[in-house]
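One-letter residues, chain by chain:
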Amino acid sequence: MEHAGRLVIRRSRWKATLWSLVCLVFVAGGISLAQPGTLGAVLVGDGGAVFFGLGVLIFARDALKPRVQLVLSPEGLEQRAIRPHVLIPWSQIKDVTVIKRSHGVKTLGITVRDPSLLPRHRLRERAQRSRWPGRVVKLLLAAVEVLYSGPSGIRDAISILREDVSPHATFELAMTGMPMNAKKLRQQLLKRRDSELS
């Protein structure tokens, strides 16, 4: 929604509705699994029903009142999906690229001229003090990625191992729940940046 030079991009209502319905199916499956009465079935069924019931609530809230993901204003690009919110002035955006992760997931990589504009993670700040702790942290992150994603996560684990622990100038923006695909949003961001800077 465009208002006074500001474009507000919210979560997709239809994606939230779809995920809410998927969670609802799993709630019904959990309840039906708990019906036979064995202790294991009841625990798994009720636990699944509660877990996916929370998913129904979260996605239904987004379907009724979608949360703001991005704000494009004359000042710059403001990421509002997760905290801390990040405002990147248009003059600091060097490039926007589409990054392909495992399982076909795509994110946007926003490369900035000054890395100090980006939020820092405490784990990385601690790892910067010495070379060896940084390497250990990266190795642990890579192991967690492989355990979490299985064999398909090896590519992401390798990129974690290659990544420099010092502050880097690329901010990744998740496309989950966005009303458009990564390629269209990239084009829109670059077009807006060029028009604001001219």
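Up top you'll find the structure we're talking about.
Notes on the structure follow. No experiment lies behind these values; they were computed from the predicted model shown.

1. Side note on the pairing of strand β3 (residues 68-72)
At step 1: Of all five residues that make up β3, five are buried, and the element is covered over most of its length.
At step 2: Pairing of strand β2 (residues 6-10) with β3, which is carried by four bridges, proceeds in the antiparallel orientation. The partner of Arg-10 across the bridge, within β3, is Val-68.
At step 3: Of the strand pairs in this sheet, β3 and strand β4 (residues 76-79) are connected by three bridges, and their pairing is antiparallel. Looking at the pairing, Val-71 lines up with Glu-78 of β4.
At step 4: Counted along the chain from β3 to the antiparallel partner β4, the turn is three residues long.

2. Quick look at the pattern of salt bridges
At step 1: By the definition in use, this model includes five salt bridges.
At step 2: The salt bridge involving Arg-11 is made with Asp-62; its shortest N-O contact spans 2.8 Å. One end of the pair, Arg-11, is in the loop between β2 and α1 (13-34); the other, Asp-62, is in helix α2 (residues 39-64), and 51 residues separate them in sequence.
At step 3: Judged by relative accessible area, Asp-62 falls into the buried class, the value being 1%.
At step 4: One salt bridge connects Asp-62 with Arg-67, and the closest N-O pair in it is separated by 2.8 Å.
At step 5: Salt bridges sharing common partners tie together Arg-11, Asp-62 and Arg-67.

Scoring rules and cut-offs
- Residues numbered from 1 in each chain as written.
- Predicted model: local features only at pLDDT ≥ 70, side-chain atom pairs only at ≥ 80, totals over all residues.
- Heavy atoms only, no water.
- Buried < 20%, exposed > 50% of the residue type's maximum accessible area, 1.4 Å probe, protein only.
- Helix = DSSP H or I, 4+ residues; strand = E, 2+ residues; numbered from the N terminus.
- Pairing = 2+ DSSP bridges.
- Salt bridge = Lys/Arg side-chain N within 4 Å of Asp/Glu carboxyl O.

Just distances and angles here, no functional claims.
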